[in-house]
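One-letter residues, chain by chain:
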Amino acid sequence: MQFETTWKDISDVAADAAIGILAAPAGDEALVSAAWRNRTAGLAAELADSGELSAKHQSTVLIHRPQSMAAAKLVLATCDFGDESGHGRIAEAAGAAWRRLRTTKVESVAVQAPTSRSAEEAVGEVIEGIAAADYEPDQYKTKDRSESKLKRVIVCLAGHEQSAARVAAVEDGRRTSAAIARGRTVARELANEPGNLLPPRVLAERATAAAGKAGLECEVLDQGQLERLGAGALLGVAQGSSEPPVMIVIRYRPDGGPATSDATRGSSEPVHLGLVGKAVSFDTGGISIKPSPDMHLMKYDMAGGAAMIGAMVALADLKPSIPVTAIVPSVENMPGGSAQRPGDVVTGLSGTTVEVLNTDAEGRLILADAITYAKGLGCNRLVDAATLTGAIVVALGHSYTGVFGNDSGWMERVLESAARAGERMWAMPPTTEYKQQLKSPIADLANIGTRWGGACSAAAFLTHFADGTPFVHLDIAGTAWLEKTLPHAPVGPSGVGVATLVRLALREATN
Ligand code: BES
Ligand code: MN
Ligand code: ZN
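Scope of this entry: the structure provided in the associated data block. None of these values were measured; they are calculated from a predicted model.

### What about the packing of aromatic side chains?
Thought 1: Summed over the entire model, instances satisfying the criterion amount to three aromatic pairs.
Thought 2: Where tyrosine 300 meets tryptophan 481, the ring centres are 5.3 Å apart and the plane angle is 20°; that geometry is what we call stacked. Linking tyrosine 300 in the loop between strand E10 (279–283) and helix H9 (303–318) with tryptophan 481 in strand E19 (residues 481–482), this pair joins segments that are 181 residues apart in sequence.
Thought 3: On the numbers, 5.5 Å between centres and 85° between planes, the contact of tyrosine 400 with tryptophan 426 is edge-to-face. Here tyrosine 400 is found in the loop between helix H11 (390–396) and strand E15 (401–405), whereas its partner tryptophan 426 is found in strand E16 (residues 425–427), with 26 residues between them in sequence.
Thought 4: Overall, the relative accessible area of 24% leaves tyrosine 400 in the partly exposed class.
Thought 5: The class of tryptophan 426 is exposed, set by a relative accessible area of 53%.

### Considerations on the coordination of the manganese ion (ligand 2)
Thought 1: The manganese ion (ligand 2) binds to the protein through Asp283 (OD), Asp360 (O), Asp360 (OD) and Glu362 (OE), with metal-donor distances spanning 2.1 to 2.2 Å.
Thought 2: Note that the manganese ion (ligand 2) binds six donor atoms; their angles at the metal cover 70 to 167°, and the shape is irregular.
Thought 3: Between the manganese ion (ligand 2) and the zinc ion (ligand 3) the interatomic distance comes to 3.2 Å, and aspartate 283 is a ligand of both metals.
Thought 4: Taking the relative accessible area as the measure of exposure, glutamate 362 reaches 1% and is therefore buried.

### Details of helix H12 (residues 408–421)
Thought 1: For H12, spanning 14 residues, the distance from its first C-alpha to its last is 20 Å, which sits close to the expected 20 Å at 1.5 Å a residue.
Thought 2: Taken as a whole, H12 has its buried residues at Trp410, Met411, Arg413, Val414, Leu415, Ser417, Ala418 and Ala421.
Thought 3: Taking the backbone nitrogen of glycine 409 as reference, a side-chain oxygen 3.0 Å away marks aspartate 407 as the first, capping residue of H12.
Thought 4: Following H12 by one or two positions, glycine 422 adopts a phi angle in the positive range, close to 75°.

### A few points about the coordination of the zinc ion (ligand 3)
Thought 1: For the zinc ion (ligand 3), the full set of protein donor atoms is Lys278 (NZ), Asp283 (OD), Asp301 (OD) and Glu362 (OE), and the range of their distances to it is 2.0 to 2.4 Å.
Thought 2: Bound by six donor atoms, the zinc ion (ligand 3) shows angles of 78 to 174° at the metal and therefore octahedral coordination geometry.
Thought 3: Between consecutive donor residues of the zinc ion (ligand 3), the sequence gaps follow K-x4-D-x17-D-x60-E.

### Description of the side chain of serine 177
Thought 1: Within the secondary structure, serine 177 is located in helix H5 (residues 164–191).
Thought 2: Reaching out from serine 177, the side chain makes a polar contact with the side chain of glutamate 128 at a distance of 2.8 Å.
Thought 3: When residues no more than four places from it in sequence are discounted, the contact partners of serine 177 are Gly124, Ile127, Glu128 and Arg503.

### A short note on the packing of H9 against helix H14 (residues 498–510)
Thought 1: Packing of H9 against H14 leaves a shortest axis separation of 9 Å and a crossing angle of 40°. Judged on the interaxial angle alone, H14 and H9 are oblique. Note on packing geometry: the crossing formed by H9 with H14 is right-handed. Where H9 abuts H14, its residues Ala307, Met308, Gly310, Ala311, Ala314, Leu315 and Leu318 lie against Val498, Leu501, Val502, Ala505 and Leu506.
Thought 2: Tallied by class, residues from the contact of H9 with H14 come to 11 nonpolar, one polar and no charged.

### Remarks on the sheet that holds strand E5 (residues 108–112)
Thought 1: Pairing within the open sheet is mixed, and its six strands lie in the order E1-E6-E5-E2-E4-E3. Each of the sheet's edge strands pairs with one partner strand only, and the pair in question is strand E1 (2–6) and strand E3 (60–64). In this sheet, neighbouring strand axes are inclined to one another by 20° on average, regardless of whether the strands run parallel or antiparallel.
Thought 2: Here five bridges tie E5 to strand E6 (residues 152–156), and the two strands are oriented parallel to one another. Within E6, the residue paired with alanine 110 across the bridge is isoleucine 154.
Thought 3: Where helix H3 (residues 89–99) meets the sheet, its contacts fall on strand E2 (17–23), E3, strand E4 (73–79) and E5, and the angle it forms with E4 comes to roughly 145°.

### Things to note about the sheet that holds strand E12 (residues 344–347)
Thought 1: Pairing is mixed in the open sheet, where three strands are placed in the order E12-E13-E17. Two strands in the sheet have a free side with no partner beyond their single neighbour: E12 and strand E17 (445–446).
Thought 2: Bridging between strand E13 (residues 353–356) and E17 involves two bridges; their strand directions are parallel. Note on E17: the bridge partner recorded for valine 354 is leucine 445.

### Details of the environment of valine 394
Thought 1: Along the chain, the position of valine 394 falls in helix H11.
Thought 2: The class for valine 394 is exposed, based on a relative accessible area of 74%.

### Section: the site of ligand 1
Thought 1: In the vicinity of ligand 1, 16 residues are found, and the nearest of them are Lys290, Asp301, Asp360, Glu362 and Gly390.
Thought 2: In this structure, a nitrogen atom belonging to ligand 1 sits 3.3 Å away from a main-chain N or O atom of threonine 387.
Thought 3: Relative to its free-state accessible area of 520 Å², ligand 1 is covered by the protein chains to the extent of 76%.

What counts, and where the lines are drawn
Residues numbered from 1 in each chain as written. Chains lettered and ligands numbered in written order. Predicted model: local features only at pLDDT ≥ 70, side-chain atom pairs only at ≥ 80, totals over all residues. Heavy atoms only, no water. Phe/Tyr/Trp six-rings, centres within 6.5 Å; stacked < 30°, edge-to-face > 60°. Helix = DSSP H or I, 4+ residues; strand = E, 2+ residues; numbered from the N terminus. Buried < 20%, exposed > 50% of the residue type's maximum accessible area, 1.4 Å probe, protein only. Donors = N, O, S within 2.8 Å, 3.2 Å for Na, K, Ca; no water. Tetrahedral: all angles 85-135°; square planar, octahedral: opposite > 155°, others 65-115°. Expected span 1.5 Å × (residues − 1). Polar contact = N/O pair within 3.5 Å; in protein donor to acceptor, adjacent residues only side chain to side chain. Contact = heavy atoms within 4.5 Å. Axes fitted to C-alpha atoms, helices over the stretch in contact; angles between N-to-C directions. Parallel < 35°, antiparallel > 145°, perpendicular 65-115°, else oblique. Left-handed = near helix turned anticlockwise from the far one by under 90°. Nonpolar A, V, L, I, M, F, W, Y, C, P; charged D, E, K, R; others polar. Pairing = 2+ DSSP bridges. Near = heavy atom within 4 Å. Areas by Shrake-Rupley, 256 points an atom, 1.4 Å probe, with all protein chains shown as cover.

This is the structure in structure tokens:
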């Protein structure tokens, strides 16, 4: 897909369809501006008066052959910024508009960006919103696939200032969002694959191919290497499956060698960002087996790893000035004859011993070894994304990702990046209190806590392995998969995390 910008008015842009994003009015001003009244010879205002188009977020109306416009179809969509941080709402409105058009053979779409946000922000959101809305998870249908013909998106910036500085900022925003959009699609395509078609070995092949195409190094540690290293926590989870485990390592290094220092932290140590992603290709729970209803969804238990692979693909394009390394431990959690038993004690890569009281708390075990490995590679800022607990879904539902950390400054930077990226994320409490739940009479740690606060005790477990390194954990169990189709996105993998991590890496590179 190609993304372009122009300062022409949308009426004059040759495209198959047009999208107008109308900011929901704050007071009693009209939803439809004079410009839109003119472009539609009054029709848009009539539709607003009759209630067909409302001020509600993502309200849309389709107009055929708008009077004084080059495009044959026009969708108007309302964007309500509401009381949220503000980012991401234009993307949702643009996405909702595109979902009304995507099966109508439209190859090019022009989008008028609202002037209530800066041109570069509006451009970015339109690109990310339309690309995200264009995704359909139906790649295994042999007929009746819901195909999109979209090739070009042209964002129209009439009404926005056109100084050299603004033009440069817009171009930068366009590039960044185009890369995020691509990375997010990579993540969604991987997360949508069923367990039989994407075991760890195949995920590693796909990661290698994606990294290679992006010009990045990808190393895959196999079972033998993991055994020699002593990644016993990860290997314990993998041993019940006939599919061997892997640890995927994708490296991005800036051309100019090691990068800038992080001035705001008052340290001269250059930042090396480590992105750790849980990739359980399928989670049956192991011997502590899960109930069957909805077990099929555990194919998305590798969404954290998929997000990291997608983020690396995007960063390869954007070339931040700091090194970034993705570490993606991948296993299948099965209840085979050689599966680990509840009560088994394993020794992780760090030397910490863990009593595995529940084999379904497997994500934290593979992440423990991946976090240790990331530190060994020199990563000094860590973020992990993981579909880690059902408890986070109980706490936050499907709207917000739960964010945990051991360093308030680092956590703040991640949360700010999430807000900038338009991904809803929310700070959870410090993990110190919850660590008490993880005592074992026989080993250093137990892999589960008590019944309550399960997302917090899981985060406390991970924090133990980050040790003193600034670490943020994103529990994406509730946000990585949409249970039902939304106006701007289909049911299925959301690609959550990619945008936040890309924004974070870019931000760390600039200060
Ligand atoms: N992959 C699951 C968590 C999950 C649940 C992801 C629902 C997405 C949707 C994880 O491995 C798991 O099974 N966690 C257990 C932990 C428990 C045994 C302490 C859980 O949340 O029940
Ligand atoms: Mn599990
Ligand atoms: Zn799991």
